[in-house]
Amino acid sequence: MLTEAPVTTLAVNLELYRRELLKGSTETLILALLAEEPMYGYQLVREMDGRSSGYFRLKEGTLYPALHRLERDGLVEGRWEQSLNGQSRKYYHVMPAGRDRLGSMLDEWDLFTNAVNLIAQPVHSLARSVWNGG
């Protein structure tokens, strides 16, 4: 039983870390999806969950404030439209300024992940070889 507490603590800490990563990436992910096609809120949630194999599970309390910020900043526009089944839904469309911002965000993401990997990958590779007995 003594070994369960550290494993549980690790899982909780990793979940908190995942939430922080998502918080910093939500707007980029939303813009990336909307750059492909207009979507309504629940569709964005499903698409993000599906494409990430469940890694990104957006909740309404995260999604809608982010959409409202993007809308306020002129990066997306929400329009009420009829869906194929006749239901009225608010579809979000990425605006030209949103496409420009997405390009800048993705460029910055590339720089950031490359810099993190320059530092973390050698350590990660070393740790894996130690764990694997090599």
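Throughout this document, residue positions are counted from 1 along each chain, in the order its sequence is written. The predicted nature of this model means local features are confined to residues of pLDDT at least 70 and side-chain atom pairs, given and counted, to a pLDDT of 80 or more, with totals for whole chains, interfaces and linings taken over all residues. With hydrogens and water set aside, each side-chain value is computed from the structure's full complement of heavy atoms.

Quick word on the sheet that holds strand 1 (residues 39-40)
Hydrogen bonding along the main chain pairs the strands of a sheet, whether they run parallel or antiparallel. Reading across the sheet, the three strands line up as 1-3-2 and stay open at both edges, with antiparallel pairing between neighbours. Strand pairing shows two members of the sheet lacking a second neighbour, strand 1 and strand 2 (76-82), which therefore form its edges. What makes two strands pair is DSSP finding at least two bridges between them. Numbering of helices and strands runs from the N terminus, with a helix taken as a DSSP run of H or I at least four residues long and a strand as a DSSP run of E at least two residues long. Alignment of strand 1 against strand 3 (residues 88-94), held across two bridges, turns out to be antiparallel. Paired with Met 39 across the two strands is Tyr 92, which belongs to strand 3.

A few points about helix 2 (residues 41-51)
Summary of the burial criterion: residues with accessible area below 20% of their type's maximum are buried, those above 50% are exposed, and those between are partly exposed, where the area comes from a 1.4 Å probe applied to protein chains only. Buried residues of helix 2: Gly 41, Gln 43, Leu 44, Val 45 and Met 48, and no others. In the stretch just after helix 2, Ser 53 is the one whose phi turns positive, near 55°.

Brief notes about helix 3 (residues 60-72)
Multiplying one less than the number of residues by 1.5 Å gives the expected span of a helix. With 13 residues, helix 3 ought to run about 18 Å at 1.5 Å a step, and its terminal C-alpha atoms sit 18 Å apart, in line with that. Listing the buried residues of helix 3 in full gives Leu 63, Ala 66, Leu 67 and Leu 70. End-on, the buried residues of helix 3 take up no more than an arc of 100°, which puts them together on one face. Exposed and oriented more than 90 degrees from the buried face of helix 3 are Glu 60, Gly 61 and Arg 72. Backbone geometry just downstream of helix 3 places Gly 74 in the positive-phi region, at approximately 75°. This arc is built from the directions going out from the helix axis to the C-beta atoms.

Some thoughts on the pairing of strand 2
Consecutive residues of a regular strand have side chains that alternate between opposite faces of the sheet. Where strand 2 lies against strand 3, seven bridges are found, and the strand directions are antiparallel. Each residue of the ladder has a partner; that of Arg 79, found in strand 3, is Tyr 91. Once strand 2 ends, the chain turns through five residues before running back antiparallel as strand 3, passing Gly 86 with a positive phi of about 90°.

Structural notes on the packing of aromatic side chains
Stacked, tilted and edge-to-face pairs are distinguished by plane angle, under 30 degrees for stacked and over 60 for edge-to-face with tilted covering the rest, among Phe, Tyr and Trp rings (Trp via its six-membered ring) whose centres lie within 6.5 Å. Counted under the stated rule, the structure contains three aromatic pairs. Here Tyr 40 and Tyr 91 contribute two aromatic rings whose centre-to-centre distance is 5.4 Å and whose plane-to-plane angle is 80°, an arrangement assigned as edge-to-face. Here Tyr 91 lies in strand 3 and Tyr 40 lies in strand 1, a separation of 51 residues in the sequence. Considered together, Tyr 40 and Tyr 91 belong to a single accessibility category, that of buried residues. Taking 5.1 Å as the distance between ring centres and 85° as the angle between the ring planes, the aromatic pair formed by Tyr 55 and Phe 56 counts as edge-to-face. Think of it as a cone above the ring: NZ of Lys or CZ of Arg counts as a charge over the ring if it is within 6 Å of the ring centre and within 35 degrees of the ring normal. Lying over the aromatic face of Tyr 40, Arg 89 brings its terminal NZ or CZ to 4.2 Å of the ring centre.

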